[in-house]
Structure formats: C-alpha cells, structure tokens
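So you can see what is in the structure, the chains are spelled out below.
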Amino acid sequence: MTRPAVAAADVVYERIRTLIQRGELQPNERLIEVDLAQRLQATRARIRTALVRLGQDGMVVLTPNRGARVKLVSEAEAVEILQARRVLEGLAARQAAVQATAREIAELRRILTRMGQKLEQGDLLGYSEGNAALHAGIIAASRHETAARLVIGLRAPMVRFQFRTILVPGRPTQSYAEHITIVQAIADHDPDAAETAMRAHLSGVERTLSRTAGAAARRLPS
C-alpha cells in the first residue's frame, strides 16, 4: 500500500499562511497540530516549525503550554496596519510607475475591468478578490522586494476586516474610482501621482474602517 506523500516544510508554511489569508482559519481560532497534520498531509514537526515561522510573521500567537492561535487583530491595530501600508504601498505604486512594463500595465487594466464587472453584478466578494489581486500586481510591478515582503506580512492579519469596509454603502464605487486613478497614474509613468493616489486610497479605507468601528462601539450596551 502506497503511503501519502508528506508535504515539505516550506509547502506546509505557505499552505497554513494561505488558509489564514483566505479566512479558512479564523482569527483567534486554535491551531491544533494533529488536525493540521492530517489536513495538510504533513508531519507534526513540520506543522510546529510552520507555526513558529507564522508567529514570527505576526500571523499566529504562540503561548507556552497552550499552543497556537490565529492572531486576532483589534480595530486599533487594524488602523495602525493601514497607516503602515499607506506608506509602503505608496512607495510600491511610485516604483511601479517607474518600473512597470507594458505587459504588467495591461494586466493591471484587465484586473481593473474584471473588478468593474464584479461591481456591476453586485459581487462584492469577487470585487474584494480583484482588489487584492490588483494590489499584488502593483507590488510585483514595483520590483521592491522589501516593500513586498513587509506588505504581505501586514495584509494577512487584516482578514477579519477584509469585507467590513466594502459593505459600507457607497464605498465600493468610491474604491473602484480610486483604483482607476492609481492604475492610470502607473500607466502614465507618473510616480508622484501614483504614490499620491495610493496613499489617498488607503487613507479612505482607514477612515471607513474607523467609522465602522465607531458605529459598532456605539451599538454596544452601556
């Protein structure tokens, strides 16, 4: 009888990371080694190593004698993360305006078109996925490896807030217009405009998140 192949350490790390980013492992969810080992066809030693790495990335909280949990980010931390992303992704947009090839710009436009279609269809989940793809494409086009690495680490803990802002009435249309401005600046190879547009976009996300957090707090019983 053939035994199932055991996943390599890097593969295990990337798969758990992806499960967290997609929200399949929820914030504050306990991460049980034996369950993950069975799910991912990996040894418990490799699961443990992956969890330590994810702890270093800030995606997992490791507590002695209590195991690991997916990190739960507070509203205050989420705002700080968006402030940091504003600087880093502003830099990435600036670099993309200088570095992006015609093929990369065409791909950004294709993603933008699909986002518009999803918006027209009322498919906010599809729009949100397109949003993530567009930001990833801009970062890739920037060829700024340090910014890319830092942004990946900052985006992952935001899963809890991924759809909160896009559900605010009027925000999807505004978000789409902001992305059009960003992509146009990159296509025009205008680094100042690209950075300004990206910073403005993430400032808008931050303001919307702050408003939704405030509204939630007001609904709590005193």
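Quick look at the structure, then.

Rules used in this analysis
Residues numbered from 1 in each chain as written. Predicted model: local features only at pLDDT ≥ 70, side-chain atom pairs only at ≥ 80, totals over all residues. Heavy atoms only, no water. Helix = DSSP H or I, 4+ residues; strand = E, 2+ residues; numbered from the N terminus. Axes fitted to C-alpha atoms, helices over the stretch in contact; angles between N-to-C directions. Parallel < 35°, antiparallel > 145°, perpendicular 65-115°, else oblique. Left-handed = near helix turned anticlockwise from the far one by under 90°. Contact = heavy atoms within 4.5 Å. Expected span 1.5 Å × (residues − 1). Buried < 20%, exposed > 50% of the residue type's maximum accessible area, 1.4 Å probe, protein only. Arc of directions from axis to C-beta. Core = buried A, V, L, I, M, F, W, Y, C linked by side-chain atoms within 4.5 Å.

Phi is positive for Asn 28, close to 75°, though the residue is something other than glycine. Along the chain, the position of Asn 28 falls in the loop between helix H1 (9-21) and strand S1 (30-31).

Attention shifts here to the packing of helix H6 (residues 124-142) against helix H8 (residues 171-187). Helices that pack against each other are described as a pair by the angle of their axes relative to one another and the distance between those axes. Relative to each other, H6 and H8 sit at 25°, their axes nearing to 12 Å. As the angle between them shows, H6 and H8 are arranged roughly parallel. The hand of the H6/H8 crossing is left-handed. Contact residues: Leu 124, Tyr 127, Asn 131, Leu 134, His 135 and Ile 138 in H6; Pro 172, Ser 175, Tyr 176, His 179, Ile 182, Val 183 and Ile 186 in H8.

Let's shift gears to H1. Given a rise of 1.5 Å per residue, 13 residues ought to cover 18 Å, and the 18 Å separating the end C-alpha atoms of H1 matches this to within 8%. Among all positions of H1, only Val 12, Tyr 13, Ile 16, Arg 17, Leu 19 and Ile 20 are buried. Taken down its axis, H1 places every buried residue within 160° of arc, on the same side. Contacts from the buried residues of H1 go to helix H2 (33-40), helix H3 (44-57), strand S2 (60-63), strand S3 (67-70) and helix H7 (145-155). Gly 23, located one to two residues past H1, shows a positive phi value of around 80°.

With that settled, consider the nonpolar core. With 38 residues, the main nonpolar core has Leu 134, Ile 138, Met 158, Ile 186 and Leu 209 as its most contacted residues. Among the secondary structure elements, those contributing two or more residues to this core are helix H4 (75-99), helix H5 (102-121), H6, H7, H8 and helix H9 (191-219). The contacts of Ile 138, once residues within four sequence positions are left out, are Ala 92, Ala 93, Ala 96, Leu 108, Ile 182, Ile 186 and Met 198. Of all hydrophobic cores here, the second largest spans 21 residues; its members include Val 12, Ala 42, Val 60 and Ala 68.

With that out of the way, let us pick up the environment of Ile 139. Residue position: Ile 139 is located in helix H6. What Ile 139 contacts, discounting residues up to four positions off in sequence, is Glu 89, Ala 92, His 144, Ala 148 and Val 151.

Counted at 1.5 Å a residue, the expected span for H3 with its 14 residues is 20 Å, and the 20 Å between its end C-alpha atoms agrees. Listed in full, the buried residues belonging to H3 are Ile 47, Ala 50, Leu 51 and Leu 54. The buried side chains of H3 occupy one side of the element, clustering within an arc of 100° when seen end-on. Its buried side turned inward, H3 meets H1, S1, H2, S2 and S3. Following H3 by one or two positions, Gly 58 has its phi on the positive side, about 85°.

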